[in-house]
Amino acid sequence: MALTTDMLIDSIAVRIDGPRAWNDSLTVDLALTDEGNRHRLVLRNGALTHRAAALGTTPRSPADLTLTLTRPQLLGALAGQGLEGIDHEGDPAALARLFSYVTEPDKSFAVVTP
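Residues numbered from 1 in each chain as written. Predicted model: local features only at pLDDT ≥ 70, side-chain atom pairs only at ≥ 80, totals over all residues. Heavy atoms only, no water.

J.: Sorry, what's going on with helix 3 (residues 71-78) here?
T.: Residues that lie three or four places apart on an α-helix share one face, since the helix turns once every 3.6 residues. Taken together, the buried positions of helix 3 are R71, L74, G76 and A77. On its buried face, helix 3 is in contact with helix 1 (5-13), strand 1 (26-32), strand 4 (65-69) and helix 4 (93-100). (Buried < 20%, exposed > 50% of the residue type's maximum accessible area, 1.4 Å probe, protein only. Helix = DSSP H or I, 4+ residues; strand = E, 2+ residues; numbered from the N terminus. Contact = heavy atoms within 4.5 Å.)

Structure follows, in structure tokens:
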């Protein structure tokens, strides 16, 4: 809850398995109504990037999937609760494809070493 939306997306981006995602390309728009922002996530060449814009801004190209939701709904979707109750336009399988490239964090990674 303490992370900003940009930080949440960054936390996903650093966990993308680049070699597996290399040949896939997709775009997902997150229209966050309670924040008044649109976040465009682009997976290309094994990397996930994102840009934020004002909610009324029209993207240059269409997305594979556009989700219109609130931040609590976004947190629920990221936690695996699915898209029930979330307005979406496009192919919901795009989100499943994106999440299929996200790896689990290494819980034994030493953040601080002696």
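J.: Looking at this structure, how should I read the side chain of D24?
T.: Along the chain, D24 falls in the loop between helix 2 (18-21) and strand 1. A distance of 2.7 Å separates a polar atom in the side chain of D24 from a polar atom in the side chain of R97. In terms of polar contacts, D24 uses its side chain to reach the side chain of Y101, at 2.8 Å. Beyond its immediate chain neighbours, meaning those up to four positions away, D24 contacts L43, R44, N45, R97 and Y101. (Polar contact = N/O pair within 3.5 Å; in protein donor to acceptor, adjacent residues only side chain to side chain.)

J.: It is not clear to me how the pattern of salt bridges should be interpreted in this structure. Could you clarify?
T.: The final tally for this structure, using the stated rule, is five salt bridges. Where D17 meets R20, a salt bridge forms, and the shortest distance between an N and an O atom there is 3.0 Å. Looking at D17, the relative accessible area reads 22%, which means it is partly exposed. Taking the relative accessible area as the measure of exposure, R20 reaches 47% and is therefore partly exposed. Between R97 and D24 there is a salt bridge, and its shortest N-O distance comes to 2.7 Å. Of this pair, R97 sits in helix 4 while D24 sits in the loop between helix 2 and strand 1, and the two are 73 residues apart along the sequence. (Salt bridge = Lys/Arg side-chain N within 4 Å of Asp/Glu carboxyl O.)

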